[in-house]
Amino acid sequence: MAAENVPPIARKGLDAQGYIEREGSPGRIPQPFHPVVAAARDRVLDLFGPRLHSAYLYGSIPRGTARVGRSDLDLLLALRDEPTDADREGVRELGEALDKEFPQIDGVGTLLYSRDLLLSELERHDLGWFVACLCTPLLGDDLAEYLPRYRPDTLLARETNGDLALLLPRWRERIEEADSDKTRTLLVRFMSRHLVRTAFTLVMPRWNGWTSDLGEMAEVFGAYYPQRAEQLRTAAVLGHTPTADTAVLRTYVDDLGPWLADEYTRVHGTKAPR
């Protein structure tokens, strides 16, 4: 049973009407990352030309919290038509080239979707919310203008992270397939962040606020589930400074993950099938 404690940090991330404020802005991009963003903007245009509807930054760089040599560059691209395998290979090669050229970033992650999918009813409270609230416009016509405003309610919680139970079997497969410390380290980073964000959105409607800071997410969650608080704090740390420890991954898929998936379903239900 969750403990209804007073949240450990002040509620934040909402405007005066209780809607989630869009995080990030071009003005918050730290100076060392300006050349990376400029290069990414130009090369995305070169790659897709008129097929590109819009491009966005998300993550620590537009939030102003990126660390030189430690943070990755996160992009979301919306095409006017459906992406192809060749398009996905193109963005992969683009990311590799940027990563090699700019030592101030540690990797590039690019999400690639069609405009129609991002604006679809099915994605309204998942990818649509992601674009409207967590993405900073870089190029083109901002899709947020065609999307609603969002509150931190149970519908948003369910549609963003209500599919953890479906993900866990694949996570177990990825752990079994991991054949190097580098791969295991990347898995620890990815799974740590995913579990912390899922744990936060589990309690988000009760807390009635928004944050993207992993440490704050863990603290908010811990106020409602003190018996799991230390696990989440550890996961938040590993989301920034991961290890290659297989035992961590096993704990995620054998203990924390299944518990969180069950509790999420109990509280919010399951995400609409994709």
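Structure's up top.
A brief report on the enclosed structure follows. (Residues numbered from 1 in each chain as written. Predicted model: local features only at pLDDT ≥ 70, side-chain atom pairs only at ≥ 80, totals over all residues. Heavy atoms only, no water.)

1. Some thoughts on the overall build of the protein chain
A count of helices and strands for the protein chain gives eleven helices and four strands. A compact globule built from 274 residues would reach a C-alpha radius of gyration of about 19 Å, and the protein chain, at 19 Å, matches this within 12%. For the protein chain, the C-alpha atoms occupy an extent of roughly 55 × 50 × 35 Å along the three principal directions. A separation threshold of at least 6 residues defines the contact pool for the protein chain, and within that pool the share at least 24 residues apart is 77%. Surface summary for the protein chain: the accessible area is close to 12800 Å², and the carbon and sulfur share equals 52%. Seen as two clouds, the 34 positive and the 42 negative side-chain charges of the protein chain have centres 3 Å apart. (Helix = DSSP H or I, 4+ residues; strand = E, 2+ residues; numbered from the N terminus. Rg over C-alpha atoms; globule rule 2.2 N^0.38 Å. Contact = heavy atoms within 4.5 Å. Areas by Shrake-Rupley, 256 points an atom, 1.4 Å probe, with all protein chains shown as cover. Lys, Arg positive; Asp, Glu negative; His and termini not counted. Charge placed at Lys NZ, Arg CZ, Asp CG, Glu CD.)

2. Thoughts on the nonpolar core
Among the nonpolar cores identified, the biggest contains 58 residues, and Leu76, Trp129, Trp210 and Tyr252 are the most heavily contacted of them. When neighbours within four sequence positions are excluded, Leu76 is seen to be in contact with Ser54, Ala55, Tyr56, Tyr58, Leu111, Tyr113, Leu118, Phe130, Val131 and Cys135. In terms of nonpolar packing, the next biggest core, distinct from the first, is built from 25 residues, Ile29, Val37, Leu52 and Leu98 among them. (Core = buried A, V, L, I, M, F, W, Y, C linked by side-chain atoms within 4.5 Å. Buried < 20%, exposed > 50% of the residue type's maximum accessible area, 1.4 Å probe, protein only.)

3. Focus on the pairing of strand β2 (residues 73-79)
Judged by how many residues are buried, β2 sits mostly within the fold: seven of seven residues are covered. Burial of the side chains of β2 extends over both faces: Leu73, Leu75, Leu77 and Leu79 are buried on one face and Asp74, Leu76 and Ala78 on the other. Where strand β1 (residues 52-58) meets β2, six bridges bridge the pair, whose relative direction is antiparallel. In the strand pairing of β2, Tyr56 is matched with Leu76. Across seven bridges, β2 lies against strand β3 (residues 108-114) in parallel orientation. When the bridges of β3 are listed, Leu79 appears paired with Ser114. Between the parallel elements β2 and β3, the chain passes through helix α3 (residues 85-101) in a crossover that is right-handed. (Pairing = 2+ DSSP bridges. Right-handed = clockwise from strand over helix to strand, strands pointing away.)

4. Section: the environment of Ala272
Tracing the chain through its elements places Ala272 in the segment after α11 (246-268). For Ala272, a relative accessible area of 27% corresponds to the partly exposed category. Residues Ala272 and Leu79, 193 residues apart in the sequence, show an inter-C-alpha distance of 24 Å. With residues up to four places along the chain from it excluded, the contact list for Ala272 reads Leu122 and Glu159.

5. Regarding the sheet that holds β3
In space, the four strands of this open sheet follow the order β3-β2-β1-β4, with mixed pairing throughout. The sheet is open, and its two edges are formed by β3 and β4 (135-140), each paired on a single side. Each neighbouring strand pair of the sheet contributes to a mean axis angle of 25°, computed without reference to strand direction. Here helix α5 (residues 127-134) sits on the sheet and contacts β1, β2, β3 and β4; the angle it forms with β4, its principal contact strand, is near 90°. (Axes fitted to C-alpha atoms, helices over the stretch in contact; angles between N-to-C directions.)

6. So, the packing of aromatic side chains
One pass over the structure, following the stated rule, counts eight aromatic pairs. With a centroid separation of 5.2 Å and 80° between ring planes, the pair formed by Trp129 and Trp210 is classed as edge-to-face. One end of the pair, Trp129, is in helix α5; the other, Trp210, is in the loop between α8 (181-207) and α9 (214-224), and 81 residues separate them in sequence. We classify Trp129 as buried; its relative accessible area is 6%. When its relative accessible area of 6% is taken as the criterion, Trp210 is described as buried. Measuring from centroid to centroid gives 6.2 Å for Phe221 and Trp259, while their planes differ by 80°, and the two rings are edge-to-face. (Phe/Tyr/Trp six-rings, centres within 6.5 Å; stacked < 30°, edge-to-face > 60°.)

7. Digging into unusual backbone geometry
Positive phi, close to 60°, is recorded for Asn208, a residue that is not glycine. Structurally, Asn208 can be placed in the loop between α8 and α9. Residue classification places Asn208 among the partly exposed positions, given a relative accessible area of 39%.

8. What to know about the pattern of salt bridges
Counted under the stated rule, the structure contains 28 salt bridges. Between Glu123 and Arg274 there is a salt bridge, with the nearest N and O atoms lying 3.1 Å from each other. Of this pair, Glu123 sits in the loop between α4 (115-118) and α5 while Arg274 is found in the segment after α11, placing the two residues 151 residues apart along the sequence. Its relative accessible area of 7% is what places Glu123 among the buried residues. With a shortest N-O distance of 2.8 Å, Glu219 and Arg233 are connected by a salt bridge. Here Glu219 is found in helix α9, whereas its partner Arg233 is found in helix α10 (residues 229-240), with 14 residues between them in sequence. Taking relative accessible area as the criterion, Glu219 reaches 27% and is therefore assigned partly exposed. One continuous salt-bridge network, built from bridges that share partners, spans Glu123, Asp126, Arg158, Glu159, Asp163, Lys271 and Arg274. (Salt bridge = Lys/Arg side-chain N within 4 Å of Asp/Glu carboxyl O.)

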